[in-house]
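# Architecture and fold: a report
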Amino acid sequence: MGEEISTSSFNDADFERFKNALKKETELLESWFKEKKFSTLSNRGGFELESWLVDEQLYPASINDTFLKNLNSPLASPELASFNVELNSTPCDLSGDALTLMQNELDENWKKCKKTAKELHSDIVMVGILPTLDNDVLHLANMSKMKRYRALNREVLHQRKGKPLVFDINGVEHLRVTHRDVMMEAAATSFQIHLQVNLDNAVRLFNASITITGPLLALSANSPYLFGKDLWDETRIPVFEQAVAVGGYDGAAFGPIRRVTFGDSYIRESLFECFKENLEHYPVLLPVDPDGADPLAHLRLHNGTIWRWNRPLIGYDESGEPHLRIEQRVVPAGPTTQDAIANAAFYYGAVTALAELEEPIENQIPHSSTRDNFYAAAKLGLRSSLRWINEEDINASNLILEKLLPLAQQGLISLGISIEDSDKYLGIIHDRVKSGQNGTTWQRSFIKKHGRDMNALTKAYIENQNSGEPVHRWHIQKVDEQTSALT
């Protein structure tokens, strides 16, 4: 979905042509797996950070076209809404001081983004859901000016036979709203972590990524509020799942197979299983003929319209050799660059260690338990009870502190990450979980002290984000002591 498409108008012949191309490319991909045509390199990392543009009153600013033109960075691109942008990292080997290098690059790019936004009398914020977001701005006039998004909106509604999207979220409070377009998807911004794998370790690492999803979500939660309602610890999860609520073939448009999905099983033999499922279970949404010489162009575009929370990706290195990546999609944006890289460090270390266990982790924890953990963590964050090895029910904070952080440390050592980097970033995770203060709990503490003032919350959030201090060190300052958020 990252590439623009040439048209947004399709007919039956377009869908048939695309489906035939998809079948051929899926067969080609299967041969690549059998012939081991993928890069043998592994343990390379990167990320995508989605962010909000806000005006001087801290409400969404629909200026991403001007912002991106002025920023002029190959690492930045538009998102669905014209008030969202995405920043990408340069992939790097996960060894030595790679985590520090990741943060340095992100800090430098973020600094340029802040400067560019300020010149437009605006600001840029990394937060899962912007507290000042109002339902009234989520309409098609605020959709980014890209054909792929217009086409996506039309085809989602077409597959739903015109039935509107109903968002029904029960949390601390209850929210129910109806939309006739997919713009609610823009309410949720994330920090997507990428890990390059090879054919030898792909299955173990992908399954480890599934098992770590719940704890990772619990420690990183940063999205409690939507339209002023206090909902889940990570409200992005139900928002995104309900924003593209279409299903699979054979009359199951509203059935159990969803395009935004945690999935219902581990990988058994290879990541090809996901791409085979893409072909067999998910109708084509965007039947365009991509430009360029990519022999898997249709397959990769189709995969980009199926939003597994743990998603396999196929890419190409500088020489054109194909490689495999895992995209972990559950982490929200923010609260700071340090917090983001700490989340990535925990993920890289934990999945590496879990994948190296003598007894595969997928044999020790049923997939149904990992799915239950995911939703429990989304609802209750660090307060959730998660099921771990030997069917042990354990508080999320205790699971992270007692079992997963030592594993993450072991995994980073195995990767060759320096002790300094490992101690720094896993130390941030330790202190965050020990204190019980992630982005969600800080936001709720602010509202508890100052009342349901979303503008004041956003102003204080930006001020703390600008300080660079990780979220566990944030205080709840008095509202009248806050300085201007646009600094």
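Since the structure is predicted, the reported quantities are computational estimates derived from the model, not experimental observations. (Residues numbered from 1 in each chain as written. Predicted model: local features only at pLDDT ≥ 70, side-chain atom pairs only at ≥ 80, totals over all residues. Heavy atoms only, no water.)

### Comments concerning helix α6 (residues 236-243)
Rules: Think of it in three bands: residues with accessible area under 20% of the maximum for their type are buried, residues over 50% are exposed, and the middle band is partly exposed, with areas taken using a 1.4 Å probe on protein chains only. Note on conventions: DSSP H or I runs of at least 4 residues are helices, E runs of at least 2 residues are strands, and numbering of each starts at the N terminus. Pairs of residues are marked as contacts when any of their non-hydrogen atoms sit within 4.5 Å.
Of all eight residues making up α6, eight are buried, and the element is well covered by its neighbours. Those residues of α6 that sit buried are R236, I237, P238, V239, F240, E241, Q242 and A243. Contacts from the buried residues of α6 go to β6 (165-170), α5 (202-220), β9 (225-226), β11 (260-261), β12 (307-308) and α10 (367-380).

### What to know about the pairing of strand β8 (residues 191-197)
For clarity, the threshold we go by: Two strands qualify as a pair provided that DSSP identifies no fewer than 2 bridges between them.
Most of β8 is tucked away: seven of the seven residues are buried. The alternating pattern of β8 places F191, I193, L195 and V197 and Q192, H194 and Q196 on opposite faces, both of which are buried. Here strand β1 (residues 44-54) pairs with β8 via six bridges, running antiparallel. Looking at the pairing, L49 lines up with F191 of β8. Across five bridges, the pairing between β8 and strand β14 (residues 322-328) is antiparallel. Looking at the pairing, H194 lines up with E327 of β14.

### Things to note about the packing of aromatic side chains
Each aromatic ring pair is summarised here by two numbers: the centre-to-centre distance and the angle between the ring planes. We apply this condition: Two rings from Phe, Tyr or Trp (for Trp, the six-membered ring) form a pair when their centres are within 6.5 Å of each other. A pair whose planes differ by under 30 degrees is stacked, one over 60 is edge-to-face, and the rest are tilted.
Inspection of the entire model under this criterion finds 16 aromatic pairs. Their ring planes at 80° and their centres at 6.2 Å tell us that F10 and F15 sit as a pair that is edge-to-face. A relative accessible area of 17% places F10 in the buried class. With relative accessibility at 24%, the residue F15 sits in the partly exposed group. When the ring of W52 is compared with that of F83, the centres are 5.7 Å apart and the planes differ by 5°; the resulting orientation is stacked. Of this pair, W52 sits in strand β1 while F83 sits in the loop between β2 (76-78) and β3 (84-88), placing them 31 residues apart in sequence. Relative accessible area serves as the criterion here: at 0%, W52 is assigned to the buried category. Taking the relative accessible area as the measure of exposure, F83 reaches 0% and is therefore buried. Three or more aromatic residues joined by ring pairs make a cluster, and in this case those are F240, F262, W307, W309, F374 and Y375.

### Structural notes on the packing of α5 against helix α9 (residues 337-355)
Under the convention used in this document: Only the stretch in contact is used when fitting a helix axis, every axis being a line fitted to C-alpha atoms; angles between N-to-C directions are given from 0 to 180 degrees. Angle categories are assigned with fixed cut-offs, so that under 35 degrees is roughly parallel, over 145 is roughly antiparallel, 65 to 115 is roughly perpendicular, and the rest are oblique. For any pair of crossing helices, the crossing counts as left-handed if the nearer helix is rotated counterclockwise from the farther one by less than a right angle, and right-handed if it is rotated clockwise. Amino acids outside the nonpolar list (Ala, Val, Leu, Ile, Met, Phe, Trp, Tyr, Cys, Pro) and the charged list (Asp, Glu, Lys, Arg) are all regarded as polar, and Gly is one of them.
α9 packs onto α5 with a crossing angle of 140° between their chain directions and a minimal axis gap of 9 Å. Relative to α9, α5 is oriented oblique. Where α5 crosses over α9, the handedness of that crossing is right-handed. Between α5, through R204, L205, A208, S209, T211, I212, L216, L219 and S220, and α9, the contact on the second element is made entirely by N343, F346, Y347, A350, V351, T352, L354 and A355. Residues belonging to the contact of α5 with α9 are distributed by class as follows: 11 nonpolar, five polar and one charged.

### Observations concerning the pattern of salt bridges
Basically, it comes down to this: A carboxyl oxygen of Asp or Glu within 4 Å of a side-chain nitrogen of Lys or Arg is what we treat as a salt bridge.
Under the counting rule described, the total for this entry stands at 22 salt bridges. Measuring nitrogen to oxygen at the nearest pair gives 3.0 Å for the salt bridge that ties E234 to R236. Of the two residues, E234 and R236, both sit in the buried class. Across the pair E327 and R311 runs a salt bridge, and its minimum N-O distance is 2.9 Å. One end of the pair, E327, is in strand β14; the other, R311, is in strand β13 (residues 310-316), and 16 residues separate them in sequence. Because the salt bridges share partners, they merge into one network encompassing D230, D233, R383 and R444.

Honestly, it's all geometry; don't read function into it.
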